[in-house]
Amino acid sequence: MNSRLLLASLITWLSGCERPGGPHAVQPVAHDSLAWTQSAFNTNCRGCHSQGAEGAALPLMNANYWAVATDAVVIEAIAHGQGRSMPAYLADEGGPFTSAQIVSLVQGMRSLWGAKDGATGGESVAISPRVIAGDAGAGAAVFSQACAGCHGPQGSAGSVIDPLYLRLISNQGLWSATVYGRSELGMPAWNQAMPNRPTGLTAQEVADVVGWISAQRPKQQRVSDAP
Amino acid sequence: MNFLKGSLAWIEERTGAMAFVAPLMFHHVPRNAKWWYVFGSATLMFFTIQIVTGVCLATVYAPSAAQAWQSLNYIDTEVPMGWMLRALHGWSSNAMVVMMAIHMLQVFLHASYKYPRELNWITGVFLLLTTLALAFTGQVMRWDQDAYWGLGIGAAIADRIPVFGDQARALLLGGPIIGGETLNRFFALHVFVLPGAAIALVGLHMVLIIKNGISEMPKPGAVVVPSTYRKEFEERMHKDGVPFVPDAAQRDMVFCGVCLIGLVALAAFYGPFGPGGIPDPTLINTNPRPDYPFMWLFGAVSLLPPASETAIMLIAPAIVVLVLVAVPFLSNSGERAPSKRPAMVLLALVTVTAIAALTWEGTTSPWSPVMDGWSSLPTPSEFTKGRTPLEMQGAVVFQFAQCRNCHSLDGRGGKRGPALDDIATRLSYDQLVRQVQQGGGNMPAYGKNLDSAQTAAVVGFLSTLHPFNEPDAMTPGAQLPLPSGAATIR
């Protein structure tokens, strides 16, 4: 009797239930606290998305971002990645997070860095470029009036139609760069003053100018690099 | 019973099988060869396990770059006890290397390689090399990040070969970069070529063991004199030896049994090795560590001054192999007892200690990269201000390609490679491109893992890293091949 019990427990042990080395399911970690969000962000995201002038990609510790960005766009970017350099974070795609964790992360970031009164205020522009079709022809005019002073051949800010640059950034990324700007680095946000546009751009103008920049991609790139 | 005997006799008459096997089983071995002599058999047992589990794994494993990693996960999670199969294969591989090392050490300490067993030793040396090659190619089969970047460093070593560097690299990888070709090539080596070689060598080793007999326990004063040794040895065996079965075989069985239990316990408890992360350039593992049998080499490389690396990495292995092969020729007669060969004992001791220390060094090296540097350490604002959009993308690529895990900016980041805060004063644009694409030292070659836009961006970013008052390092003739527009920097 005793030896049979022993055998049975040996078999359950060997069949993988309680071994440190066996295949594990993703651990259900408590992921609903803001402390979790902050630490998950610090280890996984802050290297690229930080605040102020720090960090090479769009700052996410930034109320302006959360005033405009919709959960759908944010979750999509985190789960599946965006463009060339934003990795997918969903476990199914090799990342560290379950989809529930990604949702908590987004809600957590919104409450940590979004405006405290919950104001979004960005509805007018918060439309993905996939919805408002930009008119590249109109965009060319917007660009030469509002942007070329800094980004044109004589500008000091560097080209945004450099084919190499355009191979690295997605359309969503171009749109976000134009909408959120990086005021600490001298790039105005969409609703800030810029040459010939003292009160900034309209949502349609944003879509147009992004459409025009995107149309400057080298032809063979256009399909594959579109997000 | 009669029928059984009859059919055995029928087979025997036509094949001579018993006449072949009987001497194997009943040949006389020295009576005093007690527990010292079990290590060879245990090595053979582990090899047999490797073949059996390996054949089973090969039925499920998909040797294609796109599917290898998934198929290993499939074996781990879907195939009943599949994880156990992988665990056994992995642990038994390490156990085989360890057991072989112990066996070799025992043979060396007892000077069993002296006349007439020189060739036993030499086939043993080649078995060791084949086994190590199997272990290395086996690591590649996992096709995970370790495999990927281990190969990258292997390729960088091949690159060092003077004149033929490019060809050696192409031979190793099946092309200029690590790709599907590479996996096919290593698969063929791992399941056909190397096991074939190993089986042939084991056979040869066995034939030599039967032919030359097992050496006696060394006794001080019992010197080996080649001219008379064989005759006297055979007489002693005849008079005083015991048949291999059951006397020595018993001990082999017990020891192998214990090893087997240990192996199953290790496999069950610690599970299979890897596969680590997907070998995907979006998730580059910048901390490639080889499996244990190679850890000491890795440790040694990390301690070498960079200037001597090429010479040492290419020449040292050749010298080690030559010395091992030469051992029985350097002294094939005379005393065998360790007490009469203190220098040799010391040599063995030093070698074992050195390998252990280097393995430790390889495992715990203080220059380890900061594994989450790329995703946790933001680019300091002094390096984001005044950059063009392309250079900013370069700063993103610098994080994305995990350069930060090995290189620091403003004091934060990995310390494995040099800090890059003022790299533009040291290297020109072309030199930077070369460093990124071809690696060098302990830096992996990124090659095609970064496309031309990513390379141009990251190098563009690096070219901006210099103190305000110091100029770029422009070698004469080096031009910034930046496209129009991007040249309007800062």
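Computed from a predicted structure; not experimentally measured.

About the criteria used
Starting from 1, residues in each chain are numbered consecutively following that chain's sequence as written. Working convention: letters from A go to chains and numbers from 1 go to ligands, in the order in which they are written. Under the rules for a predicted model, residues below a pLDDT of 70 receive no local features and side-chain atom pairs below 80 are neither given nor counted, while totals for whole chains, interfaces and linings still include all residues. With hydrogens and water stripped out, all remaining heavy atoms of the structure feed into the side-chain values. Secondary structure elements follow DSSP: runs of H or I of four or more residues count as helices, runs of E of two or more count as strands, with numbering from the N terminus. Each residue is assigned to one of three classes by its accessible area relative to the maximum for its type, calculated with a 1.4 Å probe on protein chains only: buried under 20%, partly exposed between the two thresholds, exposed over 50%. For this analysis, residues touch if any pair of their heavy atoms sits within 4.5 Å. Using a 1.4 Å probe, accessible areas were evaluated by the Shrake-Rupley method; residue-level cover was limited to the displayed protein chains. By this rule the span expected of a helix is its residue count minus one, scaled by 1.5 Å. Here the bend at each residue means the angle between axes fitted to two seven-residue stretches, the one ending at that residue and the one beginning there. By buried area we mean how much accessible surface two parts lose on assembly, using a 1.4 Å probe and totalling the loss over both. What counts as a salt bridge is simple: a side-chain nitrogen of Lys or Arg found within 4 Å of a carboxyl oxygen of Asp or Glu. Think of a polar contact as two N or O atoms within 3.5 Å of one another; within protein, one of them needs to be a possible hydrogen donor and the other a possible acceptor, and neighboring residues in sequence only count if both atoms come from side chains. To obtain an axis, a line is fitted to C-alpha atoms, over the contacting stretch when the element is a helix, and the angle between two such axes runs from 0 to 180 degrees between their N-to-C directions. By definition in this entry, angles of less than 35 degrees are roughly parallel, angles greater than 145 are roughly antiparallel, angles of 65 to 115 are roughly perpendicular, and the rest are oblique. For this classification, the nonpolar set comprises Ala, Val, Leu, Ile, Met, Phe, Trp, Tyr, Cys and Pro, the charged set comprises Asp, Glu, Lys and Arg, and every other residue, Gly included, is treated as polar. Whether a crossing is left-handed or right-handed is set by the direction in which the near helix is turned from the far one by less than a right angle, anticlockwise for left-handed and clockwise for right-handed.

Asker: Could you clarify how one ought to interpret the overall build of chain B in this entry?
Answerer: Secondary structure assignment for chain B yields 18 helices and 4 strands. Looking at chain B residue by residue over its 490 residues, the buried ones come to 47%. When contacts within chain B are restricted to residue pairs at least 6 apart in sequence, long-range pairs at least 24 apart make up 80% of them. In the structure as shown, chain B presents an accessible area of about 23,500 Å², 71% of it carried by carbon and sulfur atoms.

Asker: For this particular structure, what's the right way to read helix H9 (residues 180-212) of chain B?
Answerer: The α-helix winds at 3.6 residues per turn, so residues separated by three or four positions along the chain end up facing the same way. All names here are of chain B. The end-to-end C-alpha separation of H9 is 46 Å, in line with the 48 Å expected for 33 residues at 1.5 Å each. The sharpest bend along H9 measures roughly 40° and falls at Leu-189. Just downstream of H9 lies Gly-213, where phi reads positive at about 75°.

Asker: Before we go on, may I ask you to explain the interface of chain B and chain A in this structure?
Answerer: Interface extent is often summarised as the accessible area lost during association of the parts. Taken together, the contact pairs 44 residues of chain B with 43 residues of chain A. Summing both partners gives a buried area of about 3,400 Å² for chain B against chain A, and 66% of it is carried by carbon and sulfur. The largest contributions to the chain B side of the interface with chain A come from Phe269(B), Pro389(B) and Gln393(B), which together make up 15% of the buried area. Along the contact surface separating chain B from chain A lie 2 salt bridges.

Asker: Is there a simple way to explain the pattern of salt bridges in this structure?
Answerer: Between side chains of opposite charge, a pair can form as their charged atoms come close. For the structure shown, the criterion picks out 10 salt bridges over all chains. One salt bridge connects Asp71(A) with Arg110(A), and the closest N-O pair in it is separated by 2.8 Å. On the criterion of sequence distance, the pair formed by Asp71(A) in helix H4 (residues 71-80) and Arg110(A) in helix H5 (residues 99-113) is long-range, its members being 39 residues apart. Take Asp71(A): its relative accessible area is 33%, and that puts it in the partly exposed class. Ionic contacts of the salt-bridge type, sharing partners, join the residues Arg84(A), Arg167(A) and Asp451(B) into one network.

Asker: What's the story with the environment of Ser71(B) in this structure? I'm lost.
Answerer: Residue and element names in this part refer to chain B. Take Ser-71: it is sitting in helix H4 (residues 68-77). Overall, the relative accessible area of 7% leaves Ser-71 in the buried class. The sequence separation of Ser-71 and Tyr-61 amounts to 10 residues, and the corresponding C-alpha distance is 5.6 Å. Not counting the four nearest positions on each side in its chain, Ser-71 is found in contact with Val-60, Tyr-61 and Ala-62. In this structure the side chain of Ser-71 is engaged in a polar contact, spanning 3.2 Å, whose partner is the backbone nitrogen of Ala-62. Of the polar contacts made by the side chain of Ser-71, one reaches the backbone oxygen of Ala-68; its length is 2.9 Å.

Asker: Looking at this structure, how should I read helix H8 (residues 171-180) of chain A?
Answerer: All names here are of chain A. In terms of burial, H8 is a largely internal element, 9 of the 10 residues being buried. Every buried residue of H8 is listed here: Asn-171, Gln-172, Gly-173, Leu-174, Trp-175, Ser-176, Thr-178, Val-179 and Tyr-180. On its buried face, H8 sits against helix H3 (63-68), H4, helix H7 (163-168) and helix H9 (203-215). Just downstream of H8, Gly-181 is the residue with a positive phi angle, here 60°.

Asker: Would you explain the packing of helix H16 (residues 389-400) of chain B against helix H18 (residues 452-462) of chain B in this entry?
Answerer: Helix-helix packing: each pair is described by the crossing angle between the helix axes and the interaxial distance. Residues and elements named next belong to chain B. At a minimum axis distance of 7 Å, the contact between H16 and H18 shows a crossing angle of 100°. Overall, the two elements H16 and H18 adopt an arrangement that is roughly perpendicular. Packed against H16, whose contacting residues are Leu-390, Glu-391, Gln-393, Gly-394, Ala-395, Val-397, Phe-398 and Phe-400, the element H18 presents Gln-454, Ala-457, Val-458, Gly-460, Phe-461 and Leu-462 at the interface. The class makeup of the residues in the contact of H16 with H18 is 9 nonpolar, 4 polar and 1 charged.

Asker: What is the right way to read the packing of helix H5 (residues 82-109) of chain B against helix H6 (residues 118-141) of chain B from this model?
Answerer: Residue and element names in this part refer to chain B. It is the contact of H5 with H6, at a shortest axis distance of 11 Å, that shows an interaxial angle of 160°. When the axes of H5 and H6 are compared, the pair comes out roughly antiparallel. For the crossing formed where H5 meets H6, the hand is left-handed. Judged by residue contacts, Met-96, Val-97, Met-100, Met-104, Val-107 and Phe-108 of H5 engage Trp-121, Val-125, Leu-127, Leu-128, Thr-131 and Leu-132 from H6.

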